[in-house]
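# Per-entry structural report
If you want the building blocks of each chain, they are given just below.
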Amino acid sequence: VKQMDYTMGIDIGGTKILFAAVDKNGNILEKDIVPTPTLDSKQIINIIERYISLYLGKYKIIGIGMGVPGISDVEKGIAIYAGNVPSLRNLNLVKLFYDKFKIPVYIDNDVRVATLGEKWYGAGRDCETMICITLGTGIGSGIILKGKLWRGANYCAGEIGTLKLKDSGLTSNWGITGSLEAISSGPAIGTIYEKIKNNVPVEGKVNTKIPASIVFEDAKAGNTKALKVIEDAGRYLGIAIAGYVNLINPQMVIIGGGLADAGDMIFKPLLESYNKYALCEPKKICKIVRAELGNYAGAIGAATMVRHYLNKNVFWI
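Reading guide: rules and limits
- Residues numbered from 1 in each chain as written.
- Predicted model: local features only at pLDDT ≥ 70, side-chain atom pairs only at ≥ 80, totals over all residues.
- Heavy atoms only, no water.
- Helix = DSSP H or I, 4+ residues; strand = E, 2+ residues; numbered from the N terminus.
- Contact = heavy atoms within 4.5 Å.
- Polar contact = N/O pair within 3.5 Å; in protein donor to acceptor, adjacent residues only side chain to side chain.
- Buried < 20%, exposed > 50% of the residue type's maximum accessible area, 1.4 Å probe, protein only.
- Core = buried A, V, L, I, M, F, W, Y, C linked by side-chain atoms within 4.5 Å.
- Pairing = 2+ DSSP bridges.

A few words now on the environment of Ile62. Within the secondary structure, Ile62 sits in strand S4 (residues 60-68). For the pair Ile62 and Thr7, spaced 55 residues apart in sequence, the C-alpha to C-alpha distance is 5.6 Å. Each residue touching Ile62, except ones within four places of it in the same chain, is listed here: Asp5, Tyr6, Thr7, Pro104, Arg307 and Leu310.

Next comes the structure, spelled out in structure tokens:
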């Protein structure tokens, strides 16, 4: 297998790390998923090193691309602050792995690399201007303008999870009460449901230990409290997306991440409030679609980004 060259995509999430060897057409040759260790950065680094070594042993890997949650300095390769993976704080990932393996390493925000994956090989293939939103442990987004990735003046663009939508409620990992991430992320849905069930006020921090899957199961079984929590999550997502569409005027909004798998239960209230608050003209041109690459958008985007860098293709503005 060593004849062809591959790139490696690593997608570091709040709950799991995804590894993939990807060919030049965006196809995954081999993949692994491991839970994200929560304790310290050493554990995360050890796991990543182990899988890089494993893939280097099997394939001719010409570079590594990484999707990192939160805010990173893309130029220097430093993970500055990841709300959902605090142990990554201020780590120079590029230097660390380059020094060890001596092959090129590139990083970007996890949702931005997923956006690139969807742009190059997924739902956004024919799209010039689009937004990609991922719903998971956190809520983030990536922006493509005229076919290029918009990172912002210092690589912070797209942090839609921090959008404050109400004055009360839970407080997110960013410390913002009533923000989109504190209403509609997986852990927020789980936390709100637990508090409502126990008749305690919906306040305090989002607790990542309560999975949203329980809420969806109960809602499917007809539990009205669970249904209300999910409806609220969808409704506020629709409000946020309408505002985003009114601001950016994209051709498409792609929605992915684990929560998108809940289907109609979340999409129905989302589309209802989106249709209510998006302006007529931008709404006319904008399609709201599900992501196509599933969990692997980030790994495919990160791996493909490496080829663009190595070929000196400027894919950002």
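There is more to say after this.
Relative to the elements of secondary structure, Ser141 occurs in strand S10 (residues 139-145). Within the local environment of Ser141, its side chain forms a polar contact with the backbone oxygen of Gly158, the two atoms lying 2.7 Å apart. For Ser141, the side chain forms a polar contact with the side chain of Tyr244, separated by 2.8 Å. Ignoring anything within four residues of it in the chain, the contact list for Ser141 reads Val111, Ile131, Cys132, Ile133, Ala157, Gly158, Ile160 and Tyr244.

Here we take up the environment of Gly175. Examined against the element boundaries, Gly175 turns out to sit in the loop between strand S11 (148-150) and helix H4 (181-184). Since its relative accessible area comes to 47%, Gly175 is described here as partly exposed. Separated by 30 residues in sequence, Gly175 and Lys205 place their C-alpha atoms 8.3 Å apart.

Attention now moves to the nonpolar core. Ile133, Ile189, Phe216, Ile241, Val253 and Ile255 are the most contacted members of the largest nonpolar core, which totals 42 residues. Secondary structure elements with two or more residues in this core: strand S9 (130-135), S10, H4, helix H5 (186-197), helix H6 (212-220), helix H7 (224-248), strand S12 (252-256) and helix H8 (264-277). Ranked by residue count, the leading element in this core is H7, at eleven residues. Leave out the neighbours within four places in its chain, and Ile255 touches Ile133, Leu135, Ile241, Ala260, Phe267, Leu270, Ile288, Val289, Arg290 and Ala291. Ile48, Ile61, Val85 and Ile103 belong to the second-largest nonpolar core, a separate cluster that totals 31 residues.

This part is about the pairing of strand S1 (residues 5-12). With respect to burial, S1 is a largely interior element, seven of its eight residues being buried. Sheet analysis places S1 next to S4, joined by six bridges and oriented parallel. Within the sheet, the bridge partner assigned to Asp11 lies in S4 and is Gly67. Sheet topology places S1 next to strand S2 (residues 16-22); six bridges connect them, and they run antiparallel. Within S2, the position partnered with Gly9 by the bridge is Ala20. What sits between the antiparallel neighbours S1 and S2 is a turn of three residues.

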